[in-house]
Amino acid sequence: MQQLKPNEPFYQISQASKLLGITSDRLRTYEEEGLIKPFRTKHSKDGKRLFSPNDIEWLTMIRDLIKLGVSIPTIRILLVAKFPINNPTLKEKDLEIIELLKKLKSHAIYPTIFK
């Protein structure tokens, strides 16, 4: 059995939403808000969205930030902002958020969205 390449578009939106435990509408919102750019097929008028394993990993971290209470606009701002991370007054939740943001900024998907 051939293994998927990390950046290979494969999962349709319904499959991706099941893997992530979120709705297809939520995935469309992430796309509209500029947090993900799924591959679009050229077979239909609008093109079906296909998500790679890298996209799923990226979206898992986005979902985790939202679960921590970070809003979509705030995520977008934080992903382009530079901020100090060695502040001793940060709370545990803040540190979780910063760790997720560091992972997002070093992820293969980051440069495709935030050029």
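Scope of this entry: the structure provided in the associated data block. (Residues numbered from 1 in each chain as written. Predicted model: local features only at pLDDT ≥ 70, side-chain atom pairs only at ≥ 80, totals over all residues. Heavy atoms only, no water.)

1. Points about the overall build of the protein
Looking only at helices and strands, the protein has six helices and three strands in total. For the protein, the sequential pattern of α-helices and β-strands runs β-α-α-β-β-α-α-α-α. The long-range fraction of contacts in the protein, counting pairs at least 24 apart against all pairs at least 6 apart in sequence, stands at 64%. Here the protein has roughly 7,700 Å² of accessible surface; of this, 53% comes from carbon and sulfur atoms. (Helix = DSSP H or I, 4+ residues; strand = E, 2+ residues; numbered from the N terminus. Contact = heavy atoms within 4.5 Å. Areas by Shrake-Rupley, 256 points an atom, 1.4 Å probe, with all protein chains shown as cover.)

2. Digging into the nonpolar core
Counting residues in each nonpolar core, the largest one holds 28 residues, and the members touching the most others are Leu-27, Tyr-30, Trp-58 and Leu-79. Residue assignment for this core shows that the elements contributing at least two residues are α1 (13-20), α2 (24-32), α3 (53-67), α4 (72-80), α5 (92-106) and α6 (110-113). Ranked by residue count, the leading element in this core is α3, at six residues. (Core = buried A, V, L, I, M, F, W, Y, C linked by side-chain atoms within 4.5 Å. Buried < 20%, exposed > 50% of the residue type's maximum accessible area, 1.4 Å probe, protein only.)

3. Details of the packing of aromatic side chains
The geometry of an aromatic ring pair is captured by two quantities: the separation of the ring centres and the angle between the planes. One pass over the full model with this rule turns up two aromatic pairs. Between Phe-10 and Tyr-11 the ring centres are 5.0 Å apart and the planes differ by 85 degrees, which places this aromatic pair in the edge-to-face class. A relative accessible area of 43% means that Phe-10 is categorised as partly exposed. (Phe/Tyr/Trp six-rings, centres within 6.5 Å; stacked < 30°, edge-to-face > 60°.)

4. A few points about the side chain of Asn-54
Along the chain, the position of Asn-54 falls in helix α3. Apart from the residues within four sequence positions on either side, Asn-54 is in contact with Pro-6, Asn-7, His-107, Ala-108 and Ile-109.

5. Quick notes on the sheet that holds strand β2 (residues 39-40)
Spatially, the three strands line up as an open sheet ordered β1-β3-β2, and their pairing is antiparallel. Strands at the two margins of the open sheet, each flanked by one partner only, are β1 (11-12) and β2. Strand contacts of α3: β1 and β3 (49-51), with the helix running at about 80 degrees to β3, the strand carrying the most contacts. (Pairing = 2+ DSSP bridges. Axes fitted to C-alpha atoms, helices over the stretch in contact; angles between N-to-C directions.)

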